[in-house]
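This is what each chain is made of:
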Amino acid sequence: MTQTSSRGATWLEKLAPDAQRLSGLCASVQVADGQLNGEDVRFIAVVPDAQNHYPRAAQGEVGLLEGWTLAKVVNETREADKNSAVKRPIVAVIDVPSQAYGRREEAFGIHQALAGAAGAYANARLDGHPVIGLIVGKAMSGAFLAHGYQANRLIALNDQGVLVHAMGKASAARITLRSVEALEKLAATIPPMAYDVNNFATLGLLSDLLNVANPDTPSDADVAMVEIALQKAISDARQDPTLKNRLGASNRQSSSLVRERMRATW
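- With an unreviewed UniProt entry as reference, the protein chain is termed Biotin-independent malonate decarboxylase subunit gamma, source organism Pantoea eucalypti.

Next up, the structure:
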């Protein structure tokens, strides 16, 4: 099937250059079993497929096929490692512009497909697999929730092409009855409304923000920097598999306070 390039595909190839792709999957979900520092690692990316059976998922969106396929490969990893004392790390290479919006997707249960993917990642984390999300491009809406958000640790490239949000600007403008320009003004003072990765970092959800020289055509030095960050994230996840690291930023003080008061009450 015809595919177009994406940052997700580029970084998957750079991180697992000699690894064959797992066969028998839809063309838009690419899985490569590579290595980091001598350890086996499963890398997973969602990539564009111009010939996708569902046109709404042709540009790298996460739709029905992608959601169920992500769930399949993650659950197969869990099953293969269920008797292993040391679980394989899973790295979600994230460059997903959106979930797939379409009538067929809604009718055929895209909510279930994406929930299946998110649940598989969460269960892998709870099983002891270090699950690392590497955001190299867009991480938008339900696509990000299904592919990467359940990670023990999230790493992002510090680049203007890295965008994180619940929905695209045009959609957000329509649903809030504002212009895109008005939304951008609000985002300048309200970090959760912003799209750029630096504002996202203030929410405490990133374990690392990497300044690579060229995210689109990464050099050997860029790849080495990312590999070191991934190794550190894997080690940190094994030492502390919880998600409490996400509440350390100043913009999460209210969330921390609510949790403290709930614990005290219960």
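Now that the structure has been shown, the text picks up again.
### Side note on the side chain of Arg-88
And step 1. With respect to the helices, strands and loops of the structure, Arg-88 is situated in the loop between helix H2 (64-80) and strand S3 (90-96).
And step 2. Residue Arg-88 is classed as buried on the basis of its relative accessible area of 17%.

### A word on the nonpolar core
And step 1. Among the nonpolar cores identified, the biggest contains 69 residues, and Leu-15, Phe-43, Ile-44, Ile-135, Val-226 and Leu-230 are the most heavily contacted of them.
And step 2. Those residues in contact with Phe-43, other than ones at most four positions away along the chain, are Leu-12, Leu-15, Ala-16, Gln-30, Val-31, Ala-32, Gly-34, Gln-35, Leu-36, Val-91 and Leu-230.
And step 3. Grouped together as the second largest cluster of nonpolar side chains are five residues, Met-140, Ala-172, Ala-173 and Leu-183 included.

### Quick look at the side chain of Ser-141
And step 1. Its place among the elements puts Ser-141 in helix H5 (residues 141-146).
And step 2. In this structure Ser-141 touches Ser-98, Gln-99, Tyr-101, His-165 and Ala-166, once residues within four positions along its chain are discounted.

### Let's talk about the pairing of strand S4 (residues 131-140)
And step 1. Here S4 lies mainly inside the structure; nine of its ten residues are buried.
And step 2. Where S3 and S4 come together, six bridges link them in parallel fashion. The partner of Val-91 across the bridge, within S4, is Ile-132.
And step 3. Two strands pair when backbone bridges link them, and S4 and strand S5 (residues 153-157) are joined in this way by four bridges, in the parallel orientation. Each bridged residue has a counterpart across the sheet, and for Gly-133 the counterpart in S5 is Leu-154.

### Topic: the pairing of strand S2 (residues 39-46)
And step 1. For S2, the tally of buried residues reaches six of eight residues, placing the bulk of the element in the interior.
And step 2. Two strands pair when backbone bridges link them, and strand S1 (residues 29-36) and S2 are joined in this way by eight bridges, in the antiparallel orientation. Each residue of the ladder has a partner; that of Leu-36, found in S2, is Glu-39.
And step 3. Here S2 pairs with S3 via four bridges, running parallel. The partner of Arg-42 across the bridge, within S3, is Ile-90.
And step 4. Remark: the S2/H2/S3 crossover connection has right-handed handedness.

### Describing the packing of helix H6 (residues 169-176) against helix H7 (residues 180-187)
And step 1. At a closest axis distance of 9 Å, the pairing of H6 and H7 adopts a crossing angle of 95 degrees. What the angle tells us is that H6 and H7 run roughly perpendicular. For the pair H6 and H7, contact is made by Lys-169, Ala-170, Ala-172, Ala-173 and Thr-176 and by Val-180, Leu-183 and Glu-184, respectively.

### Quick look at the packing of helix H1 (residues 7-15) against helix H9 (residues 220-239)
A pair of packed helices can be characterised by two numbers: the angle between their axes and the separation between those axes.
And step 1. Two elements in contact, H1 and H9, have axes separated by 11 Å at closest approach and are oriented at 80 degrees. Taken together, H1 and H9 sit at an angle that is classed as roughly perpendicular. Facing H1, whose interface residues are Trp-11, Lys-14 and Leu-15, H9 presents Asp-222, Val-223, Val-226, Glu-227 and Leu-230.
And step 2. Taken together, the residues of the contact of H1 with H9 break down into five nonpolar, no polar and three charged.

### Structural notes on a nonpolar patch on the surface
And step 1. Taken together, the side chains of Val-258, Met-262 and Trp-266 define a hydrophobic patch exposed on the protein surface, amounting to about 390 Å² of accessible area.
And step 2. Relative to the assigned elements, Trp-266 resides in the segment after helix H10 (253-265).

### Points about the pattern of salt bridges
And step 1. Applying the stated criterion to the full structure yields ten salt bridges.
And step 2. Here Asp-159 ties to Arg-7 by a salt bridge, and the two come within 2.8 Å at their closest N and O atoms. With Asp-159 in the loop between S5 and strand S6 (163-165) and Arg-7 in helix H1, this residue pair connects regions lying 152 residues apart in the sequence. Side by side, Asp-159 and Arg-7 carry an identical accessibility label, which is buried.

Calculation rules
Residues numbered from 1 in each chain as written. Predicted model: local features only at pLDDT ≥ 70, side-chain atom pairs only at ≥ 80, totals over all residues. Heavy atoms only, no water. Helix = DSSP H or I, 4+ residues; strand = E, 2+ residues; numbered from the N terminus. Buried < 20%, exposed > 50% of the residue type's maximum accessible area, 1.4 Å probe, protein only. Core = buried A, V, L, I, M, F, W, Y, C linked by side-chain atoms within 4.5 Å. Contact = heavy atoms within 4.5 Å. Pairing = 2+ DSSP bridges. Right-handed = clockwise from strand over helix to strand, strands pointing away. Axes fitted to C-alpha atoms, helices over the stretch in contact; angles between N-to-C directions. Parallel < 35°, antiparallel > 145°, perpendicular 65-115°, else oblique. Nonpolar A, V, L, I, M, F, W, Y, C, P; charged D, E, K, R; others polar. Patch = residues over 30% accessible without salt bridge, like charges linked within 9 Å, V, L, I, M, F, W, Y side chains within 5 Å. Areas by Shrake-Rupley, 256 points an atom, 1.4 Å probe, with all protein chains shown as cover. Salt bridge = Lys/Arg side-chain N within 4 Å of Asp/Glu carboxyl O.

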